[in-house]
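What follows is each chain in one-letter form.
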Amino acid sequence: MDALLDMLRAMRLTGGIFLDAELTAPWCISAKVGPEDCSPFTPEPRHIIAYHYVTAGRCVLKVGGQQPVQIESGEIVVLPRNDDHVLGSALNLRPVSAEQLIQPGPEGGLAKIIYGGNGERTQIFCGFLGNDLPHNAFIAMLPSVLKLDVAEGGSWIESTFRFATKELAGRHATSPAMLAKLAEVLFMEAVRRYLSSQPPAGNTWTAGMRDPVVGRALGLLHGQIARRWTTEALAREIAVSRSAFAERFTRVIGEPPMRYLARQRFEQASAQLRDSADPIVRIAFDIGYESEAAFNRAFRREYGVPPAAWRREHMVRKA
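Scoring rules and cut-offs
Residues numbered from 1 in each chain as written. Predicted model: local features only at pLDDT ≥ 70, side-chain atom pairs only at ≥ 80, totals over all residues. Heavy atoms only, no water. Helix = DSSP H or I, 4+ residues; strand = E, 2+ residues; numbered from the N terminus. Buried < 20%, exposed > 50% of the residue type's maximum accessible area, 1.4 Å probe, protein only. Contact = heavy atoms within 4.5 Å. Pairing = 2+ DSSP bridges. Salt bridge = Lys/Arg side-chain N within 4 Å of Asp/Glu carboxyl O. Core = buried A, V, L, I, M, F, W, Y, C linked by side-chain atoms within 4.5 Å. Axes fitted to C-alpha atoms, helices over the stretch in contact; angles between N-to-C directions. Parallel < 35°, antiparallel > 145°, perpendicular 65-115°, else oblique. Nonpolar A, V, L, I, M, F, W, Y, C, P; charged D, E, K, R; others polar. Phe/Tyr/Trp six-rings, centres within 6.5 Å; stacked < 30°, edge-to-face > 60°.

Undergrad: Before we move on, can you summarise the overall build of the chain with the specific residues and values?
TA: Scanning the chain for helices and strands turns up 13 helices and eleven strands. Burial status across the chain gives 49% buried among its 319 residues. Sequence-distant contacts in the chain: of pairs separated by 6 or more residues, those separated by 24 or more amount to 73%.

Undergrad: So what's going on with the pairing of strand S10 (residues 121–131)? Residues and values would help.
TA: Taking burial as the measure, the eleven residues of S10 include ten buried ones, the bulk of the element. Bridging between strand S3 (residues 47–56) and S10 involves nine bridges; their strand directions are antiparallel. Along S10, the bridge assignment pairs Ile48 with Gly130.

Undergrad: Before we move on, could you go through the pattern of salt bridges and cite the residues and values that matter?
TA: Taken as a whole and assessed by the stated rule, the structure comprises 13 salt bridges. Notably, a salt bridge pairs Lys147 with Glu75, separated by 3.7 Å at the nearest N-O pair. Here Glu75 lies in strand S6 (residues 75–79) and Lys147 lies in strand S11 (residues 146–149), a separation of 72 residues in the sequence. Note that Arg236 is salt-bridged to Glu232, the shortest N-O span being 4.0 Å. Of this pair, Arg236 and Glu232 both sit in helix H8 (residues 231–238), four residues apart, which is roughly one turn of the helix. Overall, the relative accessible area of 57% leaves Arg236 in the exposed class. Relative accessible area serves as the criterion here: at 47%, Glu232 is assigned to the partly exposed category.

Undergrad: Just give me the short version of the nonpolar core, but keep the residues and values in it.
TA: In this structure, Ile49, Phe187, Leu234, Phe245 and Phe249 are the most contacted members of the largest nonpolar core, which totals 44 residues. Once residues within four sequence positions are removed from consideration, Phe245 is found in contact with Val213, Ala217, Thr231, Leu234, Ala235, Ile238, Val240 and Pro257. Among the nonpolar cores identified, the runner-up in size contains 28 residues, and Ile71, Leu79, Ile124 and Phe128 belong to it.

Undergrad: Mind laying out the side chain of Thr231, listing which residues take part and the relevant values?
TA: By the secondary structure assignment, Thr231 is in helix H8. For Thr231, a relative accessible area of 10% gives the class buried.

Undergrad: Mind laying out the packing of helix H10 (residues 257–275) against helix H12 (residues 292–303), listing which residues take part and the relevant values?
TA: As a packed pair, H10 and H12 sit with axes 11 Å apart at the nearest point and diverge in direction by 100 degrees. Of the possible angle classes, the one that applies to H10 and H12 is roughly perpendicular. Residue-level contacts link Arg259, Phe266, Glu267, Ala269, Ser270 and Leu273 of H10 to Phe295, Ala298, Phe299, Glu302 and Tyr303 of H12. Looking at the contact of H10 with H12, its residues break down into seven nonpolar, one polar and three charged.

Undergrad: Please set out the sheet that holds strand S4 (residues 58–62) residue by residue, giving values where relevant.
TA: Two pairing modes exist for strands in a sheet, parallel and antiparallel, and in both the strands are linked by backbone hydrogen bonds. The mixed open sheet is built from five strands, whose spatial order is S5-S4-S7-S2-S8. Sheet topology places strand S5 (69–72) and strand S8 (96–97) at the edges, where each strand pairs with a single neighbour. Taken together, the two bridges between strand S2 (residues 28–31) and S8 define a ladder with parallel strand orientation. When the bridges of S8 are listed, Ile29 appears paired with Val96.

Undergrad: Residues and numbers for the packing of aromatic side chains, please.
TA: Under the counting rule described, the total for this entry stands at nine aromatic pairs. Ring centres of Phe249 and Tyr260 lie 5.7 Å apart, and the angle between their planes is 70 degrees; on these two criteria the pair is classed as edge-to-face. In this pair, Phe249 sits in helix H9 (residues 242–253) while Tyr260 sits in helix H10, placing the two residues eleven residues apart along the sequence. Using a relative accessible area of 3% as the deciding quantity, one classes Tyr260 as buried. Taking the centre distance of 6.1 Å and the plane angle of 80 degrees together, the rings of Phe299 and Trp310 count as edge-to-face. Of this pair, Phe299 sits in helix H12 while Trp310 sits in helix H13 (residues 307–318), and the two are eleven residues apart along the sequence. Judged by its relative accessible area of 0%, Phe299 is buried. The buried category is assigned to Trp310, whose relative accessible area is 16%.

This is the structure in structure tokens:
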């Protein structure tokens, strides 16, 4: 939990609930949270975590070729990478784009979707959490879909979240900051349960998160990847000796902490080069380099080519 808290604090999540969907069977829609959904609450985030909270009825959700996920009333489903997905009373129907169905809300109220064939009723509140991190290994290692029963997250969370969504649906004032914080708590709880369900031997990162010392180190490293870390500084933050920390981290993760950090930085850099148009100097700054020249030299040592050439080569292959 300490490691998760460190990562969440560093992510500086903001968000809110933007849509109230009233759906009657049969129905099927395709959806993805867009920047325009976030704009009333926050400047456009670089990364979006989407979620749906089912308050009545039931539905099925599917991401790509993965297995469908059944969602019942009182459950929240989180999409850590905001993947394109399909929601429906059944998935053997042709989906309609959610964008075609959204009706602007009244002043101070939520946008609405009212759609379906007048059968069994399902109500879903749709929201998001956003942050400005360009790439996050913590998010990247999560599955496409996490599901959580809101009641199991704690009775106060359930009652507060239900009250807040009812207030929003009734066009009453509800603090967006409060809803974002509640969604953040539910997200953290969903991640905690996912990590707890994974076999320790199945993933070194999961094993590391379960170790109280190594997990805290991972939280600090991933949460503050651009900080000028040393093994000694990291050990000092966790209040253990440098030698004991280095030995424990290497034994659990399989490599020394600074080598692990360097690899994570280069993975973030390559993801930004591949998936964004960010200038190289910005990418260098994002991962902790003080100059583009220093980053170019380090990247070339790691990959054999400078970052600009790596980007061009990858873009050609992608095309």
